[in-house]
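Take a look at the letters that make up each chain.
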Amino acid sequence: MNDLQNKIAVVTGAGDGLGKQISLDLAQNGATVILVSRTEEKLKKLKEEIENAGGKADYYPCDVSQIEAVNDMAKKVLDKYQKVDILVNNAGVYFAGSFFDLNSEQAKKTIEVNTLGTIYCTRALVPSMKERNEGQILNVISVAGFEASGEYTLYTSSKFALVGFTEALRQELINTKVKISAIYPEGIRTNLFAGSGGQDVSKEAPNTLLDPKDVSEVAMFILKQAADINLSRIDIRKKIF
Ligand SMILES: NC(=O)c1ccc[n+]([C@@H]2O[C@H](COP(=O)([O-])OP(=O)(O)OC[C@H]3O[C@@H](n4cnc5c(N)ncnc54)[C@H](OP(=O)(O)O)[C@@H]3O)[C@@H](O)[C@H]2O)c1
C-alpha cells in the first residue's frame with residue numbers, strides 16, 4: 001500500500017463531520033490537506049489543529065455549488081501547489097421532510113451542492129490529474145445512491161445522479177492512471193441531520209449510526225492502495241446486534 005507522504009489532497013466539506021475526520025486522517029498519513037467549505041472560521045481552526053499535531057494543511061473557503069468560486073479555488077490551489085493528487089468530493093446537504101413539504105429552493109440546493117458541487121470540483125481539478133496521468137478522486141455518496149427511501153426523495157435523487165457520474169467517469173478515465181472511487185455509507189454520526197432544519201434522526205437512534213472515524217478508515221484504505229488497484233465502490237453499514 002502507498003503512504004500519502006507528499007500528496008496534495010483537496011477535501012470538500014472539510015469543516016465538519018466526515019470531511020473533517022478524513023482531513024485529519026489524510027494529514028496524519030502525511031498528505032498536505034487543502035480544506036474546502038464555506039465557513040472560514042471552521043477551516044482555520046481545523047488547519048491549526050492539523051498543524052499542532054505536526055501535519056500540513058491549507059484552506060480555501062468556497063461554496064462548491066458556485067462554479068466561479070470552484071474554478072477560482074482550483075486555480076489558486078494549482079498555482080500554489082502545482083498539482084492535486086487526491087480530490088475527496090464530500091460536501092453535502094440534506095433537507096429533512098417529505099418531497100411535498102420541501103420547496104424549490106431546497107430542491108435546487110440539494111442538487112447544486114451534492115451533485116453539481118462534485119461535478120464542478122471534478123471538472124476544475126481532474127484535468128490537471130489527467131495531464132500528469134496520476135491522481136485519485138473519492139466521491140462520498142451514500143447508500144441513498146442506490147437504495148431509494150421515501151424519506152429522502154430529493155437527497156436520493158442527488159446521490160443517484162452521482163453514481164451515474166462516478167461510474168461513467170471511470171469509463172472515461174479507463175486508459176489513464178487516474179482512479180475514481182466512491183463510498184456509500186449508511187447513516188453517520190454527524191450534524192448533517194441536525195443541520196437539516198427537520199427531524200434529527202441521529203438523536204433518535206444513535207446506536208444505528210456509523211462513527212465518522214470508521215468511515216474515514218475505509219476512505220484511507222481506498223486512497224492508500226497501489227497505483228494499479230482501483231477500489232471502485234464500497235458500501236459501509238453499521239452492524240446492529
Ligand atoms: N451523515 C450521514 O448520515 C451520511 C451518510 C451517508 C453519506 N453522507 C454524506 O457524507 C458527506 C458529508 O456529510 P456529513 O454527514 O459529514 O455532514 P456535515 O457534518 O453536515 O458536513 C457537511 C460539510 O459540507 C459543507 N458544505 C455544505 N454545503 C456546502 C457548499 N455549498 N460548499 C462547500 N461546502 C459545503 C459544510 O460546511 P459549510 O456549511 O461551512 O459549507 C460541512 O463542512 C455528504 O456528502 C453526505 O451526503 C452522510
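Position numbers for residues start from 1 in each chain and track the written sequence from start to end. At least 70 in pLDDT is required for a residue's local features to be given in this predicted model, at least 80 for side-chain atom pairs to be given and counted, and no such filter applies to totals for whole chains, interfaces and linings, which use all residues. Just so you know, side-chain values use all the structure's heavy atoms and leave hydrogens and water out.

Asker: What's the story with the site of the ligand in this structure? I'm lost.
Answerer: Around the ligand, the structure places 29 residues, and the nearest of them are R38, T39, Y155, I188 and T190. Between N or O atoms, a polar contact is any pair within 3.5 Å; within protein, one atom must be a potential hydrogen donor and the other a potential acceptor, and residues adjacent in sequence are included only when both atoms are from side chains. Interatomic distance of 2.8 Å between a backbone N/O atom of N90 and an oxygen atom of the ligand. A distance of 2.7 Å separates an oxygen atom of the ligand from a polar atom in the backbone of I188. Split by residue class, the shell around the ligand holds 13 nonpolar, 11 polar and 5 charged. Residues are labelled near a given molecule or strand when at least one of their non-hydrogen atoms is within 4 Å of it. Under the convention adopted here, Pro, Cys and the residues Ala, Val, Leu, Ile, Met, Phe, Trp and Tyr are nonpolar, Asp, Glu, Lys and Arg are charged, and Gly plus all remaining residues are polar.

Asker: Got a minute to help me understand the pattern of salt bridges in this structure?
Answerer: Where charged atoms from two side chains of opposite charge approach closely, those side chains can pair. Salt bridges are identified by distance alone: a Lys or Arg side-chain nitrogen within 4 Å of an Asp or Glu carboxyl oxygen. Taken as a whole, this structure holds 17 salt bridges when the rule is applied. Residue D79 is joined to K75 by a salt bridge in which the shortest nitrogen-to-oxygen separation is 2.8 Å. Of this pair, D79 and K75 both sit in helix 3 (residues 67-81), 4 residues apart, which is roughly one turn of the helix. Exposure is judged per residue with a 1.4 Å probe applied to protein chains only, and the accessible area is read against the type maximum: over 50% gives exposed, under 20% gives buried, and values in between give partly exposed. Residue class for K75 comes out exposed when judged on its relative accessible area of 51%. Secondary structure elements follow DSSP: runs of H or I no shorter than four residues count as helices, runs of E no shorter than two count as strands, and numbering proceeds from the N terminus.

Asker: Looking at this structure, I do not really get the packing of aromatic side chains. What am I missing?
Answerer: Each aromatic ring pair is described using two quantities: the centre-to-centre distance and the angle formed by the ring planes. Whether two aromatic rings pair depends on their centres lying within 6.5 Å, for rings of Phe, Tyr and Trp, where Trp uses its six-membered ring; planes under 30 degrees apart make the pair stacked, over 60 edge-to-face, and the rest tilted. Evaluated as defined, the whole model comprises 6 aromatic pairs. The interplanar angle of 85 degrees and the centroid separation of 5.4 Å between the aromatic rings of Y94 and Y155 together place this pair among those described as edge-to-face. Of the two residues, Y94 sits in the loop between strand 4 (86-89) and helix 4 (104-132) while Y155 sits in helix 5 (residues 153-172), which places them 61 residues apart along the sequence. The class of Y94 is buried, set by a relative accessible area of 6%.

Asker: Is there a simple way to think about the nonpolar core in this case?
Answerer: Looking at soluble globular proteins, one finds that nonpolar side chains tend to be buried together. The biggest cluster of nonpolar side chains holds 38 residues, and the ones touching the most others in it are V10, V70, M73, V77, L87, L125 and I137. Counting residues per element, the ones that place at least two in this core are strand 1 (8-12), strand 2 (32-37), helix 3, helix 4, helix 5 and strand 6 (178-185). Any two residues having at least one pair of non-hydrogen atoms within 4.5 Å are treated as being in contact. L125 has contacts with V10, M73, A74, L78, V84 and L87, leaving out every residue within four places of it along the chain. The next biggest cluster of nonpolar side chains, apart from the first, holds 30 residues, and it includes L18, Y59, V215 and M220. The set of buried Ala, Val, Leu, Ile, Met, Phe, Trp, Tyr and Cys residues whose side-chain atoms join them within 4.5 Å is what this entry labels a nonpolar core.

Asker: Even after reading the chapter, I still don't get the state of the cysteines, so can you show me in this structure?
Answerer: Working definition: the covalent bond between the sulfur atoms of two cysteines is a disulfide. Cysteine sulfur atoms are paired as a disulfide whenever they fall within 2.5 Å. Overall, the coordinates contain 0 disulfides when judged by the stated rule. Looking at C62, it has no disulfide partner, and the nearest cysteine sulfur is the one in C121, 6.1 Å off. The class for C62 is buried, based on a relative accessible area of 5%. Overall, the relative accessible area of 0% leaves C121 in the buried class.

Don't take any of this as a statement about function, it's just geometry.
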